[in-house]
Amino acid sequence: MGLFKNHIEHISAITTAALAHAGYDGLFIYSGHPVNNFMDDMAPPHSINPHFKWWVPVPDVVSSVVHFVPGEKPTVYLNQPADFWHKVVDNSQGKWAEHFNVKVVGHYSELPDFKQAKNHAWIGSTELQPLAAEHTNPEKLINYLHFNRIQKTDYEIHCIGEANKLALKGHAAAEAAFREGMSEYEIHMAYLQACAHNEHQMPYGNIVALNENPSVLHYQYQSRERYAAVDLKSFLIDAGANYKGYAADITRTYAYNDGLFAEMIQSMDEKQQQLCQAAVVGQDYVALHRQAHVNISEVLREAGVFTCSAEAAVESGLSQTFFPHGLGHYLGLQVHDVSGHVIDANGTVKSPPKEYPFLRLTDTLRQNAVITIEPGLYFIPMLMQEIAGHNDVNWDKVDELIPYGGIRIEDNVVVKAEDSINLSR
Ligand code: GLY
Ligand code: MN
Ligand code: MN
């Protein structure tokens, strides 16, 4: 458990510096609580404040508060209502708890009066805001903490690695279900079962897309229909897992039969691995994104889709029609983890270049940042129409490939000075 001890020491030091930077003596972090749907008494699944999860590795916590004062052991007020409506899971025990003063709270009235604390800030969703608005999520404090969340502790890397192991079990089960001819919905269920996750535990909604459906980038529909083997062509699955609040975010693409599309996947996989290897400390991520455009254009040229050189396809902007999203993002407590466009602790923003507006990470890579590398190429009919008749495209090949939808391959990489670590292989 040295890992967690070191993690708490590290984030205590960061938070101490953050409070000094923003001029506060202490901090409350609120887990959040379920908020009912509009005109209803049902709430969507609760999503814990990531700042709270950074400290307390307990799932399903609601209405709980971390109190941190520099130099003191942090306190966590852990809500365990003694009622007959819910199962009370005693989550106050465990090795993690040794690093906190754990105060189990059975009712809201047992919480301290936060307003009495001198010169404190509050981090949390604003349905509950006991401190003045200016001390609730103050920008200077948040910017400092968010920037420092980029570089993960060994504990966090371990958690993201465990989430990857779980997700890979799901991916293996999903591929098997695809080969057996299951529907998108059945593949999705096979995935969940293999990871032993329920829907609410997933870090994001699974993308489970057969045949032409990978061309819908955030394809959310899970068809119940099975295809006959003769009609099955391709399968893209973008699905993660969750370990102690940390996410995995992995995408795989499969061809049902050998042939051109299978060869394109193979080529894409090799090039994706080269990009993963290039993701080392000091690498400019915007430059890596541009390199991905070159790589993808090479796949398309080899496949006979592009008749121009890869470099020409990138230069003219043609490749953007086939690869319209970014190469990746930070990963951690949030799937699209914070600070992707931020280059310092003051929150200075570096926007993506005009030609790549959807790029979620724009800085040079830092030691122990965890990132995704997820190049994709797609045959999106709406975008194909925009360049209809383009001279550098073999349109017969496009027609041949539209029924396969597209390819994305996504891994999670820990950035190191050399030999960055791929957690997804
Ligand atoms: N699964 C969301 C993403 O890849 O960014
Ligand atoms: Mn993904
Ligand atoms: Mn991703």
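Note that the structure is a prediction, hence the values are computed from the model and not measured. (Residues numbered from 1 in each chain as written. Chains lettered and ligands numbered in written order. Predicted model: local features only at pLDDT ≥ 70, side-chain atom pairs only at ≥ 80, totals over all residues. Heavy atoms only, no water.)

A.B. asks: Just to check I follow, could you spell out the coordination of the manganese ion (ligand 3) for this structure?
C.D. replies: Around a metal, the perfect tetrahedron of four donors has angles of 109.5 degrees, and the perfect octahedron of six donors has angles of 90 or 180 degrees. Looking at the manganese ion (ligand 3), one finds its protein donor set to be Asp249 (OD), His329 (NE2), Glu374 (OE) and Glu410 (OE), positioned 2.0 to 2.2 Å from the metal centre. Considering all six donor atoms around the manganese ion (ligand 3), angles at the metal cover 51 to 158° and the coordination shape is irregular. Read in sequence order, the donor residues coordinating the manganese ion (ligand 3) give the pattern D-x79-H-x44-E-x35-E. Separation of the manganese ion (ligand 3) from the manganese ion (ligand 2) amounts to 3.3 Å, with Asp249 serving as a shared donor to the pair. Taken as a pair, Asp249 in strand S8 (residues 246–255) and Glu374 in the loop between strand S9 (370–373) and strand S10 (376–378) lie far apart in primary sequence, 125 residues in all. (Donors = N, O, S within 2.8 Å, 3.2 Å for Na, K, Ca; no water. Tetrahedral: all angles 85-135°; square planar, octahedral: opposite > 155°, others 65-115°. Helix = DSSP H or I, 4+ residues; strand = E, 2+ residues; numbered from the N terminus.)

A.B. asks: Explanation requested: the coordination of the manganese ion (ligand 2) in the structure shown.
C.D. replies: At 2.0 to 2.4 Å from the manganese ion (ligand 2) lie its protein donor atoms, namely Asp238 (OD), Asp238 (OD), Asp249 (OD) and Glu410 (OE). For the manganese ion (ligand 2), the six donor atoms in the first shell make angles of 57 to 170° at the metal, a pattern classed as irregular. Read in sequence order, the donor residues for the manganese ion (ligand 2) give the motif D-x10-D-x160-E.

A.B. asks: What should I look at first to understand the site of ligand 1 in this one?
C.D. replies: Around ligand 1, the structure places Tyr204, Asp238, Asp249, His329, His336, Glu374 and Glu410. Note that a nitrogen atom of ligand 1 is positioned 3.1 Å from one of the side-chain N or O atoms of Asp249. Burial of ligand 1 by the protein chains amounts to 90% of its free accessible area of 200 Å². When atoms are counted within 2 Å of each cavity's grid points, the one that captures over half of ligand 1 is the second largest pocket. (Near = heavy atom within 4 Å. Polar contact = N/O pair within 3.5 Å; in protein donor to acceptor, adjacent residues only side chain to side chain. Areas by Shrake-Rupley, 256 points an atom, 1.4 Å probe, with all protein chains shown as cover. 1 Å grid on protein atoms, 1.4 Å probe; cavity = no way out; pocket = protein on both sides within 12 Å on 5 of 7 lines; lining within 4 Å. Sits in = over half its atoms within 2 Å of the grid points.)

A.B. asks: It is not clear to me how the packing of aromatic side chains should be interpreted in this structure. Could you clarify?
C.D. replies: To describe a pair of aromatic rings, you give the distance between the ring centres and the angle between the ring planes. Using the criterion set out here, one finds 16 aromatic pairs in the structure. On the numbers, 5.1 Å between centres and 80° between planes, the contact of Phe306 with Phe322 is edge-to-face. Of this pair, Phe306 sits in the loop between helix H7 (285–302) and helix H8 (310–315) while Phe322 sits in helix H9 (residues 319–322); the two residues are 16 residues apart in sequence, bridging distant segments of the chain. Note on accessibility: Phe306 and Phe322 belong to one class, buried. A network of ring pairs unites the aromatic residues Phe28, Tyr30, Phe114 and Trp122 as a single cluster. Above the face of the Tyr185 ring, Arg224 is positioned so that its terminal group lies 3.9 Å from the ring centre. (Phe/Tyr/Trp six-rings, centres within 6.5 Å; stacked < 30°, edge-to-face > 60°. Buried < 20%, exposed > 50% of the residue type's maximum accessible area, 1.4 Å probe, protein only. Lys NZ or Arg CZ within 6 Å of the ring centre and 35° of its normal.)

A.B. asks: Help me understand the nonpolar core, please; the structure alone is not making it clear to me.
C.D. replies: Soluble, globular proteins show a tendency: their nonpolar side chains are buried together. Grouped together as the largest cluster of nonpolar side chains are 93 residues, with contacts concentrated most on Trp55, Val305, Ile371 and Ile373. With eight residues, H7 is the single largest residue contributor to this core. Not counting chain neighbours up to four residues away, the residues in contact with Trp55 comprise Phe4, Ile8, Ile11, Ser12, Thr15, Ile29, Val66, Phe68, Pro74 and Phe100. One finds Ala174, Ile187, Leu232 and Tyr254 within the second-largest nonpolar core, a separate group that totals 21 residues. (Core = buried A, V, L, I, M, F, W, Y, C linked by side-chain atoms within 4.5 Å. Contact = heavy atoms within 4.5 Å.)

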